[in-house]
Amino acid sequence: MQNSAANGCDMSSLSSPAPSLSVPGIRRHPRALVAAVVALLFSGGGVMMHAESQPVVLALLAAFVLAFGVSDRTQIGREIAATCGDYRGVANGMALLCALILIVLFHADHYALLMLSTVAIFSTACIALNLQLAFAGIANFAGAAFFVVGSYTAALVTAYTTVPRTFAPLIGAIVTGAIGLVLLLPVLRTRGHYAALVTIAFGVLLRTWLEVNDVLGGPQGLKIGSFSIMGLDFARLKQIGPWSVSFYLPYATLSVCMFGLVFILVRRLENSWVGIALDVVRSDETAAAVFGLSIRLWKVVGFVLGNAIIGMAGALYGMMNGFVTPNGASLGDSLLMLSIVVLGGIGNLWGSVVAALIILEVPEKLQSIQEFRLLLFALLVLVILLFRPGGILPRPVRDLSRFIDGAPK
Amino acid sequence: MDIGIVAQQLFNGLMLGVIYSMIAVGFSLFFGVLDVIKFSHGDVVTLGSFSALGAAGVSGALFALPPALALLTGLAAAVGAGALAGIVIGRILVIPLRGAPSINVLLATLMAGTVLREAIRLGVPNGGNPKPFPALLPSGMINAGSFSVGIDSVIIVCAGLLLVVGTHLFVTRTRFGLSIRAVAQDDEVARLAGIDQQRVVLGTFALGSGLAAFAGCMLGLYYREISFNMGVLLGIIGFASAVVGGLGSLIGPIIGGFLFAGVQTLVVVAMPISSAYRDVVAFAVIIILIALFPTGIIAEQRSERV
C-alpha cells in the first residue's frame, strides 16, 4: 500500500492488478513500449498540426481511427492499452517530453505553435470541466463564459494596474473562482436540470452584459497586454541565441507547462481521498451524507477549483491572442468545451486532450468542410453519444482491490 | 407616465408571454413523460417559422392564394414539420438514450438542435441572413388615445392564448391527455394499465414540438423577420420559464413564461435608455428565483426513496 500511494498514478487503472500478458514483447519491455506508443501518438499529432495538404490530414485521421479500433477490439491492442494504463508515470513523462520536442521542432512555425498552445490551453480548461462534471457532478454550461472572464480580468490587470503581468493568470483564476463561488449558492440549493439552468442563465447573462456595456469595450472587446516573466516580455521575443523563433514559442512552452501542472494537480486530487469523497458525493448524496461527508463542501471544492483553472487558462489564452471579445462567451462555445469532455470520455483526462485535438484542429485543417463544420461536428457528437456513450476513452472504474490486504499487487 | 404607453407595454408583455409560454409548455410536457429536457426545442421554433415561410411563399406563388389561405397552409406546414421533427428526435435520440446520464441526453438534444439550425442555414437559399416574413394578417390598427395596436397583434395574442388553454384542456380532459399524465406519474403502472408508452411519448413530443413550431409562426408574423439562429435564445428562455415555473406542472411553465416576459417588459419601461439590459436583468431574476424556489415556483412533488 505504501508503494502504491507513493506511485500515486496507477490506483484507478482498469486492468487487473497482475495482467497476464500473452505477447512476450510487452512483458519484457513494458516501459519502452509505453514510451514508443506515446511518442508515436505525439508524432501523429505533430504532423497533423504541421500538415498543409488535406490528403495528409485525412490519412492521419484514418490512421487514428484504425489505431483506435485496434486498441479497442483486438487482444494485443487491449494489452498495449492496459500496459499504458499500468505505467502512467512513464506515459505522462514521455508525453511532456514529446510536447517539448514538438515545440523545439516547430520553433519558427507560427501556425503550428499557435495550434499546439490552443490545444494545450483548451485541454487545461476541459480538465477543469472534468473536475466539475465528472468528479463533483456539477454540469457547467458556462465554461466558455468563465474562460472569457479570465481573459477580461487579464485585460483589466494589464491595462489599469501596475501588478506584474506574471500574476495576471493567477488573478484571473481568483476572480473566476470567486464568481463561481457566488454562482454556486443557487446551484447548491437544487439539483439536476434546475442546477443546469443556473449556469446556462449565467452564461447568457454574462455574454449579453459584456455586449451592451461600454466600460468593457462592448462588442469590440478589449486589448490585452502580453505575458511577461521576470522582465522577459513574451511579445518581444524574436531570437534565442542564433535561432530566430516564433512569437508563439514562449506561449506554447508556458501553456504546455500549465497543462502539465494542472494535470498533475487534478490527477493527484482524483487519486487522493478528495477524489474518493467527490466520487461518493456525486454518485449517491444520501449515502455520502450517511457517512458524514459534507455534500456542500465537496461540491464547492470541485466547482470553485475547476472554475479557477478555467479562468487561469482563459487569461493565458487572452494574453496570447492579445484581445478578447464577448463572442467567445456564447453558449455554443461552452457546449464545445462540454462536448470535448463528453467525447473524450467523462472523467478521463487524456480523453479530453485527444478530443480537444480532434475538435479544435481537424476543422482548421480541412478548409473544404469549413462551411459544414458545425453540422458535421454536431453529427459526430450525436453518433458518439448514441454508439459509444462513454466517450472515446471511457473513465476507468476505480479499482481499490489492491488496498485489500493479501490481494496481489 | 401616460396610461396609453403603459397599456402598450402591457400588451407587448402579454404578446411575449404567450409565445414564451407556448415554448415552455413543451419542455414541461417532455419532462413529465420522459424526465428529459429536449434542448432542440428552440430550433424547432425556428424550423416552424421557416416551414411556414416556405409553404406560404410557395403556395402563394403557385396558386395565387389569398393571404388567409396562405396563412393556413403555412401554419399547417409549420405544425406538421414541428411535430415530425419532435417525433424523429424522440424516436432516434431520446428514447434510445433513456438510460444514459442526463448530461448525455442534454448534449444529444442540443446537438440535434445544432443540426437543425445548420441544416436551415445551409439548406435555405441565402439562409445565413435574416428573411422577411410576409404580412398575412389583416393590417388595420386599433387606436384608443395614445394606445394603438395592430389588429394582427391582437389576433396573434388571442390565437396564442386559445392554444395554450386548448393544450391545457387537451391534457386534462381527453383520453390521450389522461395517458400522458399516467405515464408522467408512473410509467411502470401506466404500462401495466395497458398504455402504449412509446405512443404516448412520441405523441407528447409531437404535441409539444407542434406548439413550438406554431409559436415560431407567430413570431414571424409579429416581427415580420426570421433568422436561422433566433431559436437559440428562445429555447433558453423557454427552458428558463419552464424551470422557474416548475417542470412538474403544466401551469408552471405558463406562469414562468409570463413572468419572464413581465420582467423584460418592466426593464424596458423602467429604463428606456438601457433596454438592451432586459435579458441581463431577466436572467439575473431567473438565477435569484432558482435560489429562492429550488424546484420551481409550483414545486415539484416528489419523494426520495432512501
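Cut-offs applied
- Residues numbered from 1 in each chain as written.
- Chains lettered and ligands numbered in written order.
- Predicted model: local features only at pLDDT ≥ 70, side-chain atom pairs only at ≥ 80, totals over all residues.
- Heavy atoms only, no water.
- Helix = DSSP H or I, 4+ residues; strand = E, 2+ residues; numbered from the N terminus.
- Rg over C-alpha atoms; globule rule 2.2 N^0.38 Å.
- Buried < 20%, exposed > 50% of the residue type's maximum accessible area, 1.4 Å probe, protein only.
- Contact = heavy atoms within 4.5 Å.
- Areas by Shrake-Rupley, 256 points an atom, 1.4 Å probe, with all protein chains shown as cover.
- Salt bridge = Lys/Arg side-chain N within 4 Å of Asp/Glu carboxyl O.
- Polar contact = N/O pair within 3.5 Å; in protein donor to acceptor, adjacent residues only side chain to side chain.
- Nonpolar A, V, L, I, M, F, W, Y, C, P; charged D, E, K, R; others polar.
- Pairing = 2+ DSSP bridges.
- Phe/Tyr/Trp six-rings, centres within 6.5 Å; stacked < 30°, edge-to-face > 60°.
- Patch = residues over 30% accessible without salt bridge, like charges linked within 9 Å, V, L, I, M, F, W, Y side chains within 5 Å.
- Expected span 1.5 Å × (residues − 1).
- Core = buried A, V, L, I, M, F, W, Y, C linked by side-chain atoms within 4.5 Å.
- Axes fitted to C-alpha atoms, helices over the stretch in contact; angles between N-to-C directions.
- Parallel < 35°, antiparallel > 145°, perpendicular 65-115°, else oblique.
- Left-handed = near helix turned anticlockwise from the far one by under 90°.
- pLDDT = per-residue confidence, 0-100.
- Disulfide = S-S within 2.5 Å.

Peer 1: Can you help me understand the overall build of chain B in this one?
Peer 2: When helices and strands are counted, chain B shows eleven helices and four strands. Relative to a compact globule of 306 residues, whose C-alpha radius of gyration would be 19 Å, chain B shows 19 Å and is just as compact. Counting only C-alpha atoms, chain B reaches 60 × 50 × 35 Å along its principal axes. For chain B, the proportion of its 306 residues judged to be buried stands at 53%. Within chain B, contacts between residues separated by at least 24 positions form 75% of all contacts whose residues are at least 6 apart in sequence.

Peer 1: Is there a simple way to think about the overall build of chain A in this case?
Peer 2: Tallying secondary structure elements over chain A gives 17 helices and six strands in all. Across the 409 residues of chain A, 52% fall into the buried class. For chain A, restricting intrachain contacts to residue pairs at least 6 apart in sequence, the fraction spanning at least 24 positions comes to 81%. Entry remark: accessible area of chain A is about 18000 Å², with carbon and sulfur atoms responsible for 70%.

Peer 1: Is there a simple way to think about the interface of chain A and chain B in this case?
Peer 2: How big an interface is tends to be stated in terms of the accessible area lost upon association of its parts. Taken together, the contact pairs 40 residues of chain A with 49 residues of chain B. The interface formed by chain A and chain B holds one salt bridge in total. At the junction of chain A with chain B, the criterion picks out five residue pairs in polar contact (both at pLDDT 80 or more). When contributions to the side of chain A that touches chain B are tallied by element, the ones reaching two or more residues are α9 (168–189), α10 (192–212), α15 (331–344) and α17 (373–387) of chain A. Ranked by residues supplied to the side of chain A that touches chain B, first place goes to α10 of chain A with twelve residues. Partitioning the side of chain A that touches chain B into residue classes produces 31 nonpolar, six polar and three charged.

Peer 1: I would appreciate a short explanation of the pairing of strand β3 (residues 147–150) of chain B in the present structure.
Peer 2: Each regular strand shows side chains that alternate between the opposite faces of the sheet. Residues and elements named next belong to chain B. Relative to β3, strand β2 (residues 141–144) is paired through four bridges, and the arrangement is antiparallel. The residue of β3 that forms the bridge with Ile 142 is Val 149. In this structure, the hairpin formed by β2 and β3 is closed by a connection of two residues, where Gly 145 is found at a positive phi of approximately 65°.

Peer 1: I tried to follow the packing of aromatic side chains on my own but got confused; where do I start?
Peer 2: Any aromatic ring pair is given by two values, namely how distant the centres are and how the planes are angled relative to each other. A complete count under the given rule lists 19 aromatic pairs over all chains for this structure. Ring pairs connect the aromatic residues Phe 122, Phe 147 and Tyr 317 of chain A, which therefore count as one cluster.

Peer 1: Mind showing me how you'd approach a nonpolar patch on the surface here?
Peer 2: Residues and elements named next belong to chain B. There is a patch of nonpolar side chains on the surface, built from Ile 251, Ile 255, Leu 259, Ile 288, Leu 292, Phe 293, Ile 297 and Ile 298 and spanning about 630 Å² of accessible area. Counting only elements with at least two residues in the nonpolar patch, the list comes to α10 (251–270) and α11 (278–292). For the nonpolar patch, the element with the highest residue contribution is α10, accounting for three residues. Along the polypeptide, Leu 259 turns up in helix α10.

Peer 1: Is there a simple way to explain the pattern of salt bridges in this structure?
Peer 2: Any two side chains of opposite charge can pair, given that their charged atoms come close. The final tally for this structure, using the stated rule, is eight salt bridges over all chains. Across the salt bridge formed by Lys 299 of chain A and Glu 285 of chain A, the nearest N and O atoms sit 2.8 Å from each other. Note that Lys 299 of chain A is positioned in helix α14 (residues 295–321) and Glu 285 of chain A in helix α13 (residues 285–290), a separation of 14 residues in sequence. In terms of burial, Lys 299 of chain A and Glu 285 of chain A fall into one category: buried. With a closest N to O distance of 3.8 Å, Arg 121 of chain B and Glu 371 of chain A form a salt bridge. Here Glu 371 of chain A lies in the loop between α16 (349–365) and α17 and Arg 121 of chain B lies in helix α4 (residues 102–123), a pairing that spans two chains. Arg 121 of chain B sits in the partly exposed class, given a relative accessible area of 22%.

Peer 1: What's the story with the environment of Gly 314 of chain A in this structure? I'm lost.
Peer 2: Residues and elements named next belong to chain A. As for its placement among the helices and strands, Gly 314 is situated in helix α14. Sequence-wise, Gly 314 and Asp 333 are 19 residues apart; in three dimensions their C-alpha atoms are separated by 13 Å. With residues up to four places along the chain from it excluded, the contact list for Gly 314 reads Phe 147, Gly 150 and Ser 151.

Peer 1: Explain unusual backbone geometry here, please?
Peer 2: Residues other than glycine predominantly adopt negative phi, and peptide bonds predominantly adopt the trans conformation. For Asn 126 of chain B, which is not a glycine, the phi torsion comes out positive at approximately 55°. Relative to the assigned elements, Asn 126 of chain B resides in the loop between α4 and β1 (131–132).

Peer 1: Honestly, the side chain of Ser 117 of chain A in this entry has me stumped. Any pointers?
Peer 2: Residue and element names in this part refer to chain A. For Ser 117, the location among the structural elements is in helix α7 (residues 110–135). Take Ser 117: its relative accessible area is 0%, and that puts it in the buried class. Contact partners of Ser 117, with chain neighbours within four places excluded, come to Tyr 248, Tyr 251, Ala 252, Ser 255 and Met 320.

Peer 1: Would you mind going over the side chain of Thr 158 of chain A with me for this structure?
Peer 2: Within the secondary structure layout, Thr 158 of chain A lies in helix α8 (residues 143–160). The exposure class assigned to Thr 158 of chain A is buried, which follows from its relative accessible area of 13%.

Peer 1: What should I look at first to understand α4 of chain B in this one?
Peer 2: Residues three or four positions apart in an α-helix share a direction because the helix packs 3.6 residues into each turn. Between its terminal C-alpha atoms α4 of chain B stretches 31 Å, which fits the 32 Å expected from 22 residues at 1.5 Å a residue. When you tally the buried positions in α4 of chain B, you get 17 out of 22 residues, the bulk of the element.

Peer 1: What is the right way to look at the nonpolar core in this model?
Peer 2: Soluble globular proteins tend to pack their nonpolar side chains together in the buried interior. Residues Phe 141 of chain A together with Phe 283 of chain B are the most contacted members of the largest nonpolar core, which totals 219 residues. The greatest single-element share of this core, amounting to 17 residues, is contributed by α7 of chain A. When sequence neighbours within four positions are dropped, the list of residues in contact with Phe 283 of chain B reads Ala 201, Val 204 and Leu 205 of chain A together with Leu 233, Ile 236, Ile 237, Ala 240 and Phe 260 of chain B. By size, the runner-up hydrophobic cluster in this structure holds eight residues, among which are Val 38, Ala 91, Ala 95 and Cys 98 of chain A.

Peer 1: Help me out: how do you make sense of the packing of helix α9 (residues 230–245) of chain B against α10 of chain B in this one?
Peer 2: Residues and elements named next belong to chain B. The contact between α9 and α10 brings their axes to 7 Å, and the two run at 120°. Considered as vectors, α9 and α10 are oriented oblique to each other. α9 and α10 meet at a crossing whose hand is right-handed. Where α9 abuts α10, its residues Ile 237, Ala 240, Ser 241, Ala 242, Val 244 and Gly 245 lie against Gly 252, Pro 253, Gly 256, Gly 257, Leu 259, Phe 260 and Gln 264. Split into classes, the residues belonging to the contact of α9 with α10 amount to seven nonpolar, six polar and no charged.

Peer 1: Just checking my understanding: could you explain α8 of chain A for this structure?
Peer 2: Given a rise of 1.5 Å per residue, 18 residues ought to cover 26 Å, and the 26 Å separating the end C-alpha atoms of α8 of chain A matches this to within 8%. Most of α8 of chain A sits out of view: 15 of its 18 residues are buried.

Peer 1: Looking at this structure, how should I read the packing of α10 of chain A against α9 of chain B?
Peer 2: The packing of two helices is summarised by the inter-axis angle and the distance between the axes. Contact pair α10 of chain A / α9 of chain B: the axes reach a minimum separation of 10 Å and the direction vectors enclose 140°. Classified by the angle their axes make, α10 of chain A and α9 of chain B are oblique. For the crossing formed where α10 of chain A meets α9 of chain B, the hand is left-handed. Counting all contacts with α10 of chain A, which are made through His 193, Tyr 194, Leu 197, Ile 200 and Val 204 of chain A, the residues of α9 of chain B involved are Leu 233, Ile 236, Phe 239, Ala 240, Val 243 and Val 244 of chain B.

Peer 1: Sorry if this is basic, but what is going on with the confidence of the model for chain B here?
Peer 2: Close inspection of predicted coordinates is inappropriate in any region flagged by low pLDDT. Considering every residue of chain B, the mean pLDDT works out to 86; 96% of them sit at 70 or more. Highest mean pLDDT in chain B belongs to helix α8 (residues 197–223) of chain B (91); lowest belongs to β2 of chain B (76).

Peer 1: What is the right way to read the state of the cysteines from this model?
Peer 2: Defined simply, a disulfide is a covalent bond joining two cysteines at their sulfur atoms. Residue and element names in this part refer to chain B. Evaluated as defined, the whole model comprises zero disulfides over all chains. In this structure Cys 158 is a free cysteine whose sulfur lies 17 Å from that of Cys 217, the closest cysteine sulfur available. For Cys 217, a relative accessible area of 2% gives the class buried.

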